[in-house]
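Chains, contacts and geometry: an overview
If you want the building blocks of each chain, they are given just below.
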Amino acid sequence: MAQGSQEMIDPFGRRITYLRVSVTDRCDFRCLYCMAEDMTFLPKQDLLTLEEIDRLASAFVAKGMRKLRLTGGEPLVRKNVMWLIRSLSRHLGAGLEELTLTTNGSQLWRHAEQLVDCGVKRINVSLDTLDPAKFRVITRWGDFAQVMRGIDAADRAGIKVKINAVALRDVNEDEIEGLVRWSHGRGFDLTLIETMPMGEIGTDRTDQYLPLSLVRARLNDRFTFEESSYRSGGPARYVHVRETGGRLGFITPLTHNFCESCNRVRVTCTGTLFMCLGQDDAADLRAPLRASEADELLHAAIDAAIARKPKGHDFVIERGEKPTVSRHMSATGG
Ligand code: SAM
Ligand code: SF4
């Protein structure tokens, strides 16, 4: 940890500049790979208030965070979340370089214009299929037309949309080429993600797991990939697709560990800081946040946590095994 500076450097020399904040663990969808259908959510009284999340995220910005991503659960279902986004936007240009979110898109139709107004320039929208019936199967509760309306609204408002799709064996593996063509045809980047062993979902993840090495080899028969040095600041590695002119990203936690350049930490809606998506070690920031109106204790707790950020995760997916990490992706955010 660099002492006496605003920068946060972890024990492996990685500069930590990217905070993801899960503003709620709740969601209006129940995606097959993310949640069990009968999920139990946190009692509302355990959640930080929006004012507390604002203070917590602002403390991180003061300590050198350059990028802030709101996620969840579904961030746009948290009541009054636009207040938080507007409030956090005050840091843009004053330390913070980017304020963004990852969303399932269901509420975008109502918020797209306001997001632009708050300085949000790019968003990630999760979309695993272009087939409305399959969309309903994957999300269990989602409405495809509503999500499309949201994506259109964001696009019209001038927000740069990136599509995220989890590659799922036997579910959408026959659609990946179509997703590439559709996303690039609309001018959107597409990032493919391997399903990660996080949280019980009521089924065995080995049945869903589709290695992206295989997907990439198949796509290579259809498209010409040109290596790209583009980085979005996250874990994806990109190629440029010659035939479509678009960018395609791969997030491969299982087939290729992306930890060596990790610049991220994550905080949950209860104020728990996870220094690694794939490890259980965490630091409670709610107690120091509530202990004092000054931020000294909070800053000290953040420093102590960054000083023990682990080198990386050890995700494995094996039949009959419990998930590597017991909490769901929706607790820490993607
Ligand atoms: N609800 C929002 C959404 O779906 O975009 C934000 C939260 S969601 C947890 C963030 C991202 O994590 C989504 O792109 C989702 O597809 C992905 N995700 C959820 N569970 C996952 C898992 N077990 N493995 C890989 N990706 C997962
Ligand atoms: Fe909700 Fe996102 Fe998880 Fe789907 S992936 S259940 S939309 S949190």
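Heads up: the structure comes first, above all this text.
Below you will find a few notes about this structure. (Residues numbered from 1 in each chain as written. Chains lettered and ligands numbered in written order. Predicted model: local features only at pLDDT ≥ 70, side-chain atom pairs only at ≥ 80, totals over all residues. Heavy atoms only, no water.)

1. Let's talk about the overall build of the protein chain
Regarding its fold elements, the protein chain presents 10 helices and 12 strands. Here the protein chain has a C-alpha radius of gyration of 19 Å; the compact-globule value for 334 residues is 20 Å, and the two agree. Buried positions account for 56% of the 334 residues belonging to the protein chain. For the protein chain, contacts bridging at least 24 residues in sequence account for 73% of all contacts bridging at least 6. Put simply, the protein chain shows about 14000 Å² of open surface, and 50% of that area lies on carbon and sulfur atoms. For the protein chain, the separation between the mean place of its 46 positive charges and that of its 45 negative charges on side chains is 3 Å. (Helix = DSSP H or I, 4+ residues; strand = E, 2+ residues; numbered from the N terminus. Rg over C-alpha atoms; globule rule 2.2 N^0.38 Å. Buried < 20%, exposed > 50% of the residue type's maximum accessible area, 1.4 Å probe, protein only. Contact = heavy atoms within 4.5 Å. Areas by Shrake-Rupley, 256 points an atom, 1.4 Å probe, with all protein chains shown as cover. Lys, Arg positive; Asp, Glu negative; His and termini not counted. Charge placed at Lys NZ, Arg CZ, Asp CG, Glu CD.)

2. Looking at the site of ligand 1
What surrounds ligand 1 is a group of 19 residues, the closest being Y33, G73, T103, S126 and M196. Between G73 and ligand 1, the recorded distance is 3.0 Å, taken from a backbone N or O atom to a nitrogen atom. In this structure, an oxygen atom belonging to ligand 1 sits 3.2 Å away from a main-chain N or O atom of T103. Considering ligand 1 on its own, with 540 Å² of exposed area, one finds that the protein chains cover 96% of that surface. (Near = heavy atom within 4 Å. Polar contact = N/O pair within 3.5 Å; in protein donor to acceptor, adjacent residues only side chain to side chain.)

3. Notes on the site of ligand 2
The environment of ligand 2 is formed by C27, F29, R30, C31, C34, M35, G73 and N104. Tallied by class, residues from the shell around ligand 2 come to five nonpolar, two polar and one charged. (Nonpolar A, V, L, I, M, F, W, Y, C, P; charged D, E, K, R; others polar.)

4. Focus on the packing of aromatic side chains
A full pass over the atoms with the stated rule returns five aromatic pairs. Residues W182 and F188 carry aromatic rings whose centres are separated by 5.8 Å and whose planes lie at 70° to one another, so their mutual orientation is edge-to-face. Here a set of aromatic residues connected by ring pairs shows up, and it is made of F29, F135 and F144. Across the ring face of Y230, the terminal group of R247 is positioned such that the distance to the ring centre comes to 3.5 Å. (Phe/Tyr/Trp six-rings, centres within 6.5 Å; stacked < 30°, edge-to-face > 60°. Lys NZ or Arg CZ within 6 Å of the ring centre and 35° of its normal.)

5. Comments concerning the pairing of strand 4 (residues 122-126)
As paired elements, strand 3 (residues 98-103) and strand 4 share three bridges and run parallel to each other. Residue pairing for strand 4: T103 is matched across the bridge by V125. Between the parallel pair strand 3 and strand 4, the chain is carried across by helix 3 (residues 108-117), and the sense of this crossover is right-handed. Direction of pairing for strand 4 relative to strand 5 (residues 160-167): parallel, over a ladder of five bridges. When the sheet's bridge partners are listed, R122 is paired in strand 5 with K160. (Pairing = 2+ DSSP bridges. Right-handed = clockwise from strand over helix to strand, strands pointing away.)

6. Considering the packing of helix 3 against helix 5 (residues 144-157)
Following both chains from N to C, one finds helix 3 and helix 5 inclined at 20°, their axes separated by 8 Å at the closest point. Between helix 3 and helix 5, the interaxial angle falls into the category roughly parallel. Taken as a pair, helix 3 and helix 5 cross one another with a handedness that is right-handed. Side by side, helix 3 and helix 5 meet where L108, W109, A112, E113 and V116 of the first sit next to Q146, R149, G150, I151, A153, A154 and A157 of the second. By residue class, the composition of the contact of helix 3 with helix 5 is eight nonpolar, two polar and two charged. (Axes fitted to C-alpha atoms, helices over the stretch in contact; angles between N-to-C directions. Parallel < 35°, antiparallel > 145°, perpendicular 65-115°, else oblique. Left-handed = near helix turned anticlockwise from the far one by under 90°.)

7. A few points about helix 5
The end-to-end C-alpha distance of helix 5, which contains 14 residues, comes to 20 Å, matching closely the 20 Å that a straight helix rising 1.5 Å per residue would cover. Turning to helix 5, its buried residues number three or more, namely F144, V147, M148, G150, I151, A153, A154 and A157. If you follow the buried residues of helix 5, they end up packed against helix 3, strand 4, helix 4 (132-139), strand 5 and helix 6 (176-185). Its side-chain oxygen at 3.0 Å from the backbone nitrogen of A145, D143 defines the N-terminal cap of helix 5. One or two residues past the end of helix 5 sits G158, with phi positive at roughly 95°. (Expected span 1.5 Å × (residues − 1).)

8. Topic: the nonpolar core
Generally speaking, a soluble globular protein has its nonpolar side chains buried in company with each other. Formed by 95 residues in total, the largest nonpolar core has its most connected members in F60, I85, L192 and L248. Contacts of L248, omitting those with residues within four sequence positions, involve V180, H184, L190, L192, L219, F225, R237, Y238, V239 and V241. (Core = buried A, V, L, I, M, F, W, Y, C linked by side-chain atoms within 4.5 Å.)

9. Quick word on the sheet that holds strand 2 (residues 67-71)
Read across the sheet, 12 strands follow the order 7-8-9-6-5-4-3-2-1-10-11-12 without closing on themselves; strand pairing throughout is mixed. Looking along the sheet, the strands with just one partner apiece sit at the ends: strand 7 (225-227) and strand 12 (282-284). The mean angle between the axes of side-by-side strands here comes to 25°, regardless of whether they run parallel or antiparallel. Strands strand 2 and strand 3 of the sheet are contacted by helix 2 (residues 81-88), whose axis makes an angle of about 180° with strand 2.

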